[in-house]
Amino acid sequence: MKKIVLLLSFIVFNFNILAQVELKGSMGINFLSIPSLQDYINQNFAPSNSQLATFNSAVIFAGEIGTFVNNNFEVSLEVPYQIYSYTENIGLGQYELAYNLIPPSVLAYYVINGNGYNFKFGGGVGPRFVSVTEKKKWQGSEVSFSTIGFGGLLRIEGNTALSDNVYANIGVDLRYDVNGEPEDGSGNKLPNVVQNEVVNINTLSMGLRLGISYLIGGTN
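Residues numbered from 1 in each chain as written. Predicted model: local features only at pLDDT ≥ 70, side-chain atom pairs only at ≥ 80, totals over all residues. Heavy atoms only, no water.

Draft legend 1. Structural view of the overall build of the protein. When helices and strands are counted, the protein shows two helices and eleven strands. Reading the protein from its N end, one meets helices and strands in the order α-β-α-β-β-β-β-β-β-β-β-β-β. Seen through its C-alpha atoms, the protein measures out along the principal axes to roughly 60 × 35 × 25 Å. Expressed as a percentage of its 220 residues, the buried residues of the protein come to 43%. Restricting to contacts in the protein with at least 6 residues of sequence separation, those with at least 24 account for 68%. On the protein, roughly 11,100 Å² of surface is accessible, and the fraction owed to carbon and sulfur atoms is 61%. (Helix = DSSP H or I, 4+ residues; strand = E, 2+ residues; numbered from the N terminus. Buried < 20%, exposed > 50% of the residue type's maximum accessible area, 1.4 Å probe, protein only. Contact = heavy atoms within 4.5 Å. Areas by Shrake-Rupley, 256 points an atom, 1.4 Å probe, with all protein chains shown as cover.)

Here's what the structure looks like:
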């Protein structure tokens, strides 16, 4: 993570001071497919009439800083925070599972500019920081698991000017993260005894997001 931040800082601060910097904040909804985790929940905790679907929704928030290398090319660093949770009352009590993800990425965009708008087509890669907390309230137990993975994303984004330096944006993301098998503090993993396998958190997601960006510096 530190290496990624240092790399982007080097890129941003070593360009001509007339280069334009973009600050962006966004929020959205991702639809997640996590087959191993979904099998674990469906086979062990979800009622037969309330099974998890192939894709389930999660909320994501993100901050991004980028710099325009020229009229048609931008590089940036994005740091999102994604929240997913599952709760079910089963016969013995309440079951809860929370899956939180911090997936920073270094991105590159090709930019098509118009009069008061632009379109961006890009993608990026970066580490994935995963935390999973499982609560079985009938046992009074709470166990936290974590892992570090790696992933990539593809993005299409449209931006419309609200003023000279402020843009509203809407984007569509496609992500795949190889998050591996989370462990607790003792090295224990999350077992699915029904399938006799360890749960992994590898995730395919598609998402829609809305945001606001602010441009600082020279013009493109």
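Read on, since the account is not over.
Draft legend 2. Inspection of the pairing of strand S5 (residues 105-114) at higher detail. Relative to S5, strand S3 (residues 73-90) is paired through six bridges, and the arrangement is antiparallel. Bridging across to S5, phenylalanine 73 finds its partner in tyrosine 110. As paired elements, S5 and strand S6 (residues 117-136) share nine bridges and run antiparallel to each other. Each residue of the ladder has a partner; that of isoleucine 112, found in S6, is phenylalanine 119. Connecting S5 to the next strand, S6, in antiparallel fashion are two residues, including glycine 116 with a positive phi near 85°. (Pairing = 2+ DSSP bridges.)

Draft legend 3. View of unusual backbone geometry. Phi is positive for asparagine 196, which is not a glycine, with a value near 55°. Mapped onto the elements, asparagine 196 comes out in the loop between strand S9 (191-192) and strand S10 (197-198).

Draft legend 4. Region of interest: the side chain of serine 213. Within the element layout of this structure, serine 213 appears in strand S11 (residues 203-217). Residues in contact with serine 213, not counting those within four places in the same chain, are Glu22, Leu23, Lys24, Asn159, Asn165, Val166, Tyr167 and Asn169.

Draft legend 5. Here's a closer look at the environment of phenylalanine 129. One can find phenylalanine 129 in strand S6. Under the relative-accessibility criterion, phenylalanine 129 is labelled partly exposed at 27%. Residues phenylalanine 129 and isoleucine 102, 27 residues apart in the sequence, show an inter-C-alpha distance of 5.1 Å.

Draft legend 6. Seen up close, the pairing of strand S4 (residues 93-102). Looking at chain direction, S3 and S4 are connected through nine bridges and run antiparallel. In the strand pairing of S4, threonine 87 is matched with glutamate 96. The hairpin turn running from S3 into S4, its antiparallel successor, is two residues long. Across eight bridges, S4 lies against S6 in antiparallel orientation. Note on S6: the bridge partner recorded for alanine 98 is threonine 133.

Draft legend 7. Spatial organisation of the environment of proline 182. Position of proline 182 relative to the elements: it lies in the loop between strand S8 (166-178) and S9. With 14 residues separating them along the chain, proline 182 and alanine 168 place their C-alpha atoms 37 Å apart.

Draft legend 8. Spotlight on the environment of asparagine 179. Its location among the elements puts asparagine 179 in the loop between S8 and S9. Considering only alpha carbons, one finds asparagine 179 and isoleucine 201, 22 residues apart in sequence, at a separation of 5.3 Å. If near-sequence neighbours (up to four positions away) are discounted, asparagine 179 is found in contact with Tyr99, Leu101, Arg128, Val130, Thr147, Ile148, Gly149, Ile201, Asn202 and Thr203. Of note is the side chain of asparagine 179, whose polar atom sits 3.4 Å from the side chain of tyrosine 99. One polar contact links the side chain of asparagine 179 to the main-chain carbonyl oxygen of isoleucine 201, over a distance of 2.9 Å. (Polar contact = N/O pair within 3.5 Å; in protein donor to acceptor, adjacent residues only side chain to side chain.)

Draft legend 9. Layout of a nonpolar patch on the surface. A surface patch of nonpolar side chains, amounting to about 790 Å² of accessible area, comprises Ile29, Phe31, Phe55, Leu154, Leu174, Tyr176, Val178, Leu204 and Met206. Of all elements in the fold, only strand S1 (20-33), S8 and S11 reach the threshold of two or more residues within the nonpolar patch. If you tally residues by element for the nonpolar patch, the top one is S8, at three residues. With respect to the helices and strands, valine 178 occurs in strand S8. On the accessibility criterion, valine 178 (45% relative accessible area) is partly exposed. (Patch = residues over 30% accessible without salt bridge, like charges linked within 9 Å, V, L, I, M, F, W, Y side chains within 5 Å. Salt bridge = Lys/Arg side-chain N within 4 Å of Asp/Glu carboxyl O.)

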